[in-house]
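# Observations on chain architecture
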Amino acid sequence: MAGCSHPGADGGDREMDRFVDSLLSEMTLEEKIGQLNLVPVDGSAMTGPVTESATGDRIAKGEIGALLNVMSPAKMLELQQAAVTESRLGIPLLFGMDVIHGYNTVFPIPLGLSATWNPESIERSARISAVEASAQGVNWTFSPMVDISFDPRWGRVAEGSGEDPYLASLIAAAYVRGYQGDLSRNDQILACVKHFALYGAPEGGRDYNSVDMSRQRMYTDYFPPYRSAVEAGAGSVMAAFNDVEGVPAAANEWLLGDVLRRDWGFDGFVVSDWDAVREMTVHGIGDLQEVSARGLRAGLDMDMASQGLWGTLKASLDAGEVRMEEVDRACRRILRAKYRLGLFGDPYKYHDTTRVWSDVFTPEHRAEARRIAAESFVLLKNKDRLLPLAPGGTVAVIGPLADNKPNMLGTWTMGADLYSAVSVLEGLRTVVGDRVELLYAKGSNLTYDKEMEDRVTQNWGVPYKHFDRDGRSAAQLEAEALAVARRADVIVAVMGEAAELAGEGASRACLDIPDAQKALLKKLTRIGKPVVLVLFAGRPMTLVWEDANVDAILNVWFPGTEAGLAVADVLFGNAEPGGRLTMTFPRTVGQVPLRYSCKSTGRPADEAGTIRAYVTGYIDETVLPLYPFGYGLSYTDFRYGELELDRTQMAPGESITASIRVTNTGERPGSEVVQLYIRDRMASVTRPVKELKGFRKIRLEPGETQRVDFTIDAEMLKFHTPDLRYVYEPGEFEVMAGPNSARLSKSVFNAL
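These numbers come from a predicted model, not from an experiment.

### Some remarks on the pattern of salt bridges
Counted by the stated rule, this structure contains 56 salt bridges. Of the charged contacts, one joins Arg595 and Asp221 as a salt bridge, the two residues approaching to 3.0 Å between their closest N and O atoms. Taken together, the residues span a long stretch of sequence, with Arg595 in the loop between helix 22 (563–571) and strand 19 (638–640) and Asp221 in helix 9 (residues 215–231) at a distance of 374 residues. Residue Glu478 is joined to Lys523 by a salt bridge in which the shortest nitrogen-to-oxygen separation is 2.5 Å.

### What about the side chain of Asp275?
Mapped onto the elements of the fold, Asp275 is located in the loop between strand 9 (269–272) and helix 11 (276–283). According to the relative accessible area criterion, Asp275 is buried, its value standing at 13%. The residues contacting Asp275, other than those within four sequence positions of it, are Met304, Ala305 and Ser306.

### Structural notes on the side chain of Asn209
Mapped onto the elements of the fold, Asn209 is located in the loop between strand 5 (192–196) and helix 9. For Asn209, a relative accessible area of 16% corresponds to the buried category.

### Some remarks on helix 13 (residues 308–318)
By the burial criterion, the buried members of helix 13 are Gly308, Leu309, Thr312, Leu313, Ser316 and Leu317. Buried residues in helix 13, looked at end-on, bunch into an arc of 145 degrees, giving them a common side. Relative to its buried face, helix 13 has exposed residues pointing more than 90 degrees away, namely Gly311 and Asp318. Once helix 13 ends, the next one or two residues include Gly320, with phi positive near 75 degrees.

### Here's the deal with helix 8 (residues 165–180)
Taking 1.5 Å of rise per residue, the 16 residues of helix 8 would be expected to cover 22 Å, and the 22 Å separating its terminal C-alpha atoms lies within 8% of that figure. In terms of residue burial, helix 8 counts as a mostly covered element, since 13 of its 16 residues are buried. Two or three places before Tyr166, at the opening of helix 8, Asp164 has a side-chain oxygen 3.0 Å from that residue's backbone nitrogen.

### So, the sheet that holds strand 24 (residues 691–700)
Spatial ordering of the open sheet is given by 21-29-28-23-24, a layout of 5 strands whose pairing is mixed. Two strands close off the open sheet at either side, each with one partner strand: strand 21 (649–650) and strand 24. In terms of strand pairing, strand 21 meets strand 29 (residues 743–751) through 2 bridges, oriented parallel. In the sheet register, Gln649 faces strand 29, and the bridge partner there is Asn750.

Basis of the calculations
- Residues numbered from 1 in each chain as written.
- Predicted model: local features only at pLDDT ≥ 70, side-chain atom pairs only at ≥ 80, totals over all residues.
- Heavy atoms only, no water.
- Salt bridge = Lys/Arg side-chain N within 4 Å of Asp/Glu carboxyl O.
- Helix = DSSP H or I, 4+ residues; strand = E, 2+ residues; numbered from the N terminus.
- Buried < 20%, exposed > 50% of the residue type's maximum accessible area, 1.4 Å probe, protein only.
- Contact = heavy atoms within 4.5 Å.
- Arc of directions from axis to C-beta.
- Expected span 1.5 Å × (residues − 1).
- Polar contact = N/O pair within 3.5 Å; in protein donor to acceptor, adjacent residues only side chain to side chain.
- Pairing = 2+ DSSP bridges.

See below:
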């Protein structure tokens, strides 16, 4: 069919199915299995003519359905031309990439984006990411990652949206809308929801580790964001590395068949995570042929990297271990995705090379990255209103992250120029100009441990988001920093994690600021000058000492391309810190996993977290977190009134309006996230002490009061029983509203 005219993506499902069925009837077994094969490109294809490479030869034979991580737009065009003109049927390729929080223009890491509590901003970031990636040939992103996690030891919390399934569900849908739109345009790309399922709950917080939980907990805490993304129309889903009930996700028929397709109605395709098919042999459930057959039977449609499906399915067919209908089913799903992208109508839809000059890293995109970064920053402490800083005097900027461009971006930034980011020092110089005298000292290396620093600043052994390790001794670095600090009116300590100290494969057993930086910070606080900690982090960290001894703490996550400008905007009051936490910050790593929506025990701790015997807790630490879910300060103050209900009983089919008045009592305008929580006081099974059920982001001028209303109906009161029924039970409910999960006004109503 090479060279034939194919219909576009604007036809209905019937037209698509007729086309796909007709194409499928012409395909050989090898060509069908080839469509299930997602592979990286071999080196010779990248350095020479595609048609003379091993990849080109396989494309011509119809042995490859999709390619990943091709970074050259020109090479992607050449590869697509090979597929369309050299293969027998001219079936175009998918080009996949980990476009996680931006492509050339990088936004805050997803955990930071979630802290905006603004699905519109998150959708906007995904829209820009799709525009830039598609301009360079990418038509499929391995995003959003929607895994819920309560354990900050797990490095990939940086890529998720925190601990709450309600908020994460809204965010998941926003990502899908931003990436995909209606897939009719050449700047909209296919989303891939990952990692299905439960990847965010590994034992011990160790990446890739086993997961074990009840189905009731799956449905209550972990499944909602996946389902939300599917219902938003996500075109693909990625199976996770981990096992679920003893069966790896990539071969789990209950997950991929019963839950995803039968219960949720998903009609896209399922791809494995990198090499996950082969890795099932390491799990110990069979050899490569057996696990590949199990994956296909379960509902896996495409194999990333391991080529287990490509290498074994013919033998499995001959042995009767899989059926031809199962091969056709998987192939049909891949072809339908290509049809929906419009690739059969225009195989070169995503290869308009002129867009690289008009749609990538534009001033408009960078302005949005700067705005959204400030919206993600969480002000954790602000003693005596130290922030915002006055635009005058002398400021000492100290720390190994202060003048480091690559580490502004955070993890997963494959398409970005690492040196395009604005460092904190550069951003401060740009924003304050000559109004402030800025002094700088590095102060320390990332950590005293050079081997540790090398591990987290290299990629496959090649220097990546590196730190230029200073050859001076720790004492020499500290002496220079302390001398600079003594000359300043205010010290801005720019410290925290490296970009790749959080992310895939970056689980941590200790959640402190790295040792060399913390030692320096302690010495800076003894000088007697006000100290602002600008904290870079890919996860909740343990900051008990910092909270007690530093004057102000601004958590900036990893802000992305415009990091330094956004930090300067917030430090000097040109923008407000708009973020609120979406993960609980523990006091110590011994408290994790930790979450706000815990259940009461028969011996609960009191609300003050008092340490005492024979209640749930510890004998050496309170059960309370350092900073609760939903927490974040502003540059102004807000006073909350009492929570009011328009009725105290709710009959079937009725609703209740909960209202609370919020007043800006400060001298600056400011934004606030008003949060609504509900507790089922008595049910047939134990229920959490509170669950987020709504929020409103409002902006108030000084002295302004706004009444915020929430509508409560029976749907908000439903829960999953142990037998997985989703039910509402009459009874007494506590409704709560306030600025965070620990500071709430309460009222009670009865649902009949």
